[in-house]
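Notes for the structure review
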2 protein chains.
Amino acid sequence: MSKYWSKLAKKVEPYVPGEQPQDKKYIKLNTNENPYPPSPKVMKAIKQATNEDLKLYPDPTCEELKATLADYYGLKKSQVFVGNGSDEVLALLFMAFFDADDSILLPEITYSFYPVYANLFNINYNLVQLDKDFSLSLDGFSEPNEGIILPNPNAPTGKYLSLEFIEEILKKNIDEVVIIDEAYIDFGGESAVKLIDKYPNLLVVQTLSKSRALAGLRVGFVFGQEDLMEGLDRIKNSFNSYTLDRLALVGAKEAIKDEEYFQETRSKIIKTRERVSEELRKIGFKVIESKANFIFVSHLRVQAENLFNQLKEKGILVRYFNQPRIENFLRVSIGTDEEMDLLIKTLKEIIE
Amino acid sequence: MSKYWSKLAKKVEPYVPGEQPQDKKYIKLNTNENPYPPSPKVMKAIKQATNEDLKLYPDPTCEELKATLADYYGLKKSQVFVGNGSDEVLALLFMAFFDADDSILLPEITYSFYPVYANLFNINYNLVQLDKDFSLSLDGFSEPNEGIILPNPNAPTGKYLSLEFIEEILKKNIDEVVIIDEAYIDFGGESAVKLIDKYPNLLVVQTLSKSRALAGLRVGFVFGQEDLMEGLDRIKNSFNSYTLDRLALVGAKEAIKDEEYFQETRSKIIKTRERVSEELRKIGFKVIESKANFIFVSHLRVQAENLFNQLKEKGILVRYFNQPRIENFLRVSIGTDEEMDLLIKTLKEIIE
């Protein structure tokens, strides 16, 4: 603490990302990265763009990348906004659509950055309770609110909500923005992007960090009707004109364009997820049905924290959240088949 | 305007960056980019880092880059903060050190993003008046304030303040933070970095966009005592964990390390600036003495706006600010000798 800090710097409770230990080489199943490399076309495009033009500012409005995304999703370019990872996009959304002292709704168990943003911008939040099996029910979204944010699939549970469910939330709250955070949508869910022309209050957030294997490049985006994007642009252009560097812009474009590679790698991950879920169930794990690139698991006998520590000791990193209701669960990212086989083997050894 | 916008989105007055027209190829002397390419070592390092690891998140605390910067400037790593361009760093500084309704001081004519940040975060500002020749006097910094921000050299005038002057500001305002924005310091000024251990209220902002020729990579930093950096980290980690991508981190490190290339290119720019200043004076321009990679010029007979338009028509872009006191000046970035020779030739044609 310092007398020079703002009130804000004193009161915030910063987000803590998954650990990136440097002490030894781990099998990293703790931050939901993609186990496969980015498309070779991405690498090629970035290398080509690593030239003298790096001395010049990037395009502040990211026209080419927006056009590529719009084309891919059947949207207008004016319905697309891009940012430095979906975390930056989310922070800017909070500024553009929620006022200080507003009350917003978010799921009781969810991405832990949402309450951090709320604190940062002096926004109140009420939690929509989850059922015993971590399901959301529509009733919770009938509470008075000045905005809603939820991930679909949810994190860290991996539970997916149908588009019909999302539409009901949108209809019930037509006067408030509803932010659907689709960081994990490509692993088996159906995107709400197709609802954008129908609902003026819908914002759909996505990222290249998971299904496009580009966590290291920092690119996220949001889709919504044109007037929502305009408001967001106003905030972004009051914060930082150039949030995406030239290499990220080029790499992102190629990642979206290489549909074949995308389909191939996400199919592999889905297949591995289904297989691993089955095998873990056989050895006494409760595995929540997941539409993400991770599974949320709990063992019938062995405590999650114990499993977490023993796995770490044996060189496998998973994510453990020491918080009410989920303190006996582990979130395990889907790695390659080889990595997951080693995980299962190691878990068997620990459990026996 | 949309009913969904926050009060903030409605009231902000976004920053407008220098134009990046796509209609034809211009000689770009309008956004203070470096005319020379980045160090070849930067390119090599980025190409090497364009590999499978892009699937992994970057280091959120940027340890290696911080260590490189600390080593270069004789600081501790805990006295360094890095961000996605100095504009992002500035935005985060406003959040970390100024409260809503605070009154801060900034120069009457200065980087036009400062009032934009102030509006975004509901911070009031008072302008420190400039003398007739655009000089700042110490008296202006004796006004009551809750913080000070100023560029050194100033933009768009290019005028430089000595370290003795900066020290006087720091002493007079020891209970408030003083942010010295040194985006252009490497073109002839002396950095206030060496004062950091002496003044607990000093923050020194720098960027790779100008003297390191990496505007396209988006890397900026700030130096200050450890407790100031801690407050800033708290805000950054409440906004976006991973602001710098893997390629920017690697490229930035190499840029700092290639001292020989840096000295060579900045010397060339300084030499060109001095020569061009002299030549423009000979054809009737008032040229403010500059320690930046741009000059601020006004012609005795021909109006600046007229010159701006005619230059643009002839394929040369410079920056014109249509605002009181400087509406008869042009800001001209220092390009290569060939580019500047063409500028001078073209100006002669227009003036005659």
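None of the values given here were measured: they were computed from a predicted structure. (Residues numbered from 1 in each chain as written. Chains lettered and ligands numbered in written order. Predicted model: local features only at pLDDT ≥ 70, side-chain atom pairs only at ≥ 80, totals over all residues. Heavy atoms only, no water.)

Using the criterion set out here, one finds 34 salt bridges over all chains in the structure. Across the pair Glu52(A) and Lys55(A) runs a salt bridge, and its minimum N-O distance is 3.1 Å. Classification of Glu52(A) as partly exposed rests on a relative accessible area of 37%. Linking Arg275(B) and Asp341(B) is a salt bridge whose minimum nitrogen-to-oxygen distance equals 3.0 Å. (Salt bridge = Lys/Arg side-chain N within 4 Å of Asp/Glu carboxyl O. Buried < 20%, exposed > 50% of the residue type's maximum accessible area, 1.4 Å probe, protein only.)

Attention now goes to the UniProt feature "domain: Aminotransferase class I/classII large" (unreviewed entry) in chain A. Mapped onto the present numbering, the UniProt feature "domain: Aminotransferase class I/classII large" (unreviewed entry) falls on residues 25-346 of chain A. Within residues 25-346 of chain A, the helical portion is 38% and the strand portion 16%, while the C-alpha atoms at the span's ends are 16 Å from each other. (UniProt positions renumbered as here; feature names shortened; annotations may be inferred. Helix = DSSP H or I, 4+ residues; strand = E, 2+ residues; numbered from the N terminus.)

Here we come to the domain arrangement of chain A. All names here are of chain A. What the domain assignment reports for chain A is domain 1 (7-37 + 260-351) and domain 2 (40-258). Relative to domain 2, the C-alpha centre of domain 1 lies at a distance of 24 Å. Between domain 1 and domain 2, the contact holds 32 residues from the first and 34 residues from the second. The junction of domain 1 with domain 2 conceals about 2,900 Å² of combined surface from both sides, 61% of it contributed by carbon and sulfur atoms. Where domain 1 meets domain 2, there are one salt bridge. Note that Glu108 and Arg325 form a salt bridge whose closest N and O atoms lie 3.1 Å from each other. On inspection of domain 1 and its partner domain 2, the count reaches 14 residue pairs in polar contact (both at pLDDT 80 or more). At the level of secondary structure, the elements contributing two or more residues to the side of domain 1 that touches domain 2 comprise α1 (7-11), α9 (259-282) and β10 (294-299). Of all the elements, α9 adds the most residues to the side of domain 1 that touches domain 2, at seven residues. Considered class by class, the residues forming the side of domain 1 that touches domain 2 number 17 nonpolar, five polar and ten charged. (Domains from an automatic or database assignment. Contact = heavy atoms within 4.5 Å. Buried area = accessible area lost by both parts, 1.4 Å probe. Polar contact = N/O pair within 3.5 Å; in protein donor to acceptor, adjacent residues only side chain to side chain. Nonpolar A, V, L, I, M, F, W, Y, C, P; charged D, E, K, R; others polar.)

A few words now on helix α2 (residues 40-49) of chain A. Of the positions making up α2(A), those classed as buried are Val42(A), Met43(A), Ala45(A), Ile46(A) and Ala49(A). All buried residues of α2(A) project into a common sector of 165° when viewed along the axis, lining one side. Summarising the geometry of α2(A), the exposed residues directed more than 90 degrees from the buried face are Pro40(A), Lys44(A) and Gln48(A). Contact partners of the buried residues in α2(A): α8 (246-257) of chain A together with α8 (246-257) of chain B. (Arc of directions from axis to C-beta.)

Looking now at the interface of chain A and chain B. Of the residues lining the interface, 83 residues belong to chain A; the matching set on chain B comes to 82 residues. Each partner contributes to the roughly 6,900 Å² buried at the junction of chain A and chain B, and carbon and sulfur atoms together form 58% of this total. A per-residue breakdown of the area chain A buries against chain B is headed by Tyr4(A), Tyr57(A) and Phe239(A), which together make up 13% of the total. Inspection of the region where chain A meets chain B yields two salt bridges.

We now examine the sheet that holds strand β9 (residues 285-287) of chain B. Residue and element names in this part refer to chain B. Spatially, β9-β10-β13-β12 is the arrangement adopted by the four strands of the open sheet, whose pairing is antiparallel. Unpaired on one side and paired on the other, β9 and β12 (319-320) mark the two borders of the sheet. Taken together, the two bridges between β12 and strand β13 (residues 330-333) define a ladder with antiparallel strand orientation. Bridge pairing in β13 places Tyr320 opposite Leu330. Relative to the sheet, helix α10 (residues 304-313) contacts β9, β10 (294-299), β12 and β13, its axis offset from that of β13 by approximately 40°. (Pairing = 2+ DSSP bridges. Axes fitted to C-alpha atoms, helices over the stretch in contact; angles between N-to-C directions.)

According to UniProt, the positions carrying the feature "modified residue: N6-(pyridoxal phosphate)lysine" (unreviewed entry) are Lys210(A). For Lys210(A), the location among the structural elements is in the loop between β7 (202-207) and β8 (220-224). If we ignore the near neighbours within four places in the chain, the residues touching Lys210(A) are Thr31(A), Asn32(A), Asn34(A), Ala183(A), Tyr184(A), Phe187(A), Asn293(A) and Tyr57(B).

Let us now look at the side chain of Thr31(B). Along the chain, the position of Thr31(B) falls in the loop between β1 (27-28) and α2 (40-49). Only 2.9 Å separates the side chain of Thr31(B) from the side chain of Glu33(B), close enough to count as a polar contact. The residues contacting Thr31(B), other than those within four sequence positions of it, are Tyr57(A), Gly18(B), Lys210(B), Arg331(B) and Ser333(B).

So, on to unusual backbone geometry. Glycine aside, residues mostly have negative phi angles, and peptide bonds mostly take the trans form. Residues and elements named next belong to chain A. Look at the link from Ala155 to Pro156: it is a cis peptide, with omega at 5°. Secondary-structure assignment places Pro156 in the loop between β5 (148-151) and α6 (163-172). Phi angles above zero are rare outside glycine, and Asn32 is one such case at about 55°. Along the chain, Asn32 falls in the loop between β1 (27-28) and α2. Here Cys62, not a glycine, exhibits a phi torsion of approximately 55°, which is positive. Mapped onto the secondary structure, Cys62 falls in the loop between α2 and α3 (63-73). On the basis of relative accessibility, which here comes to 6%, the residue Cys62 falls in the buried class.

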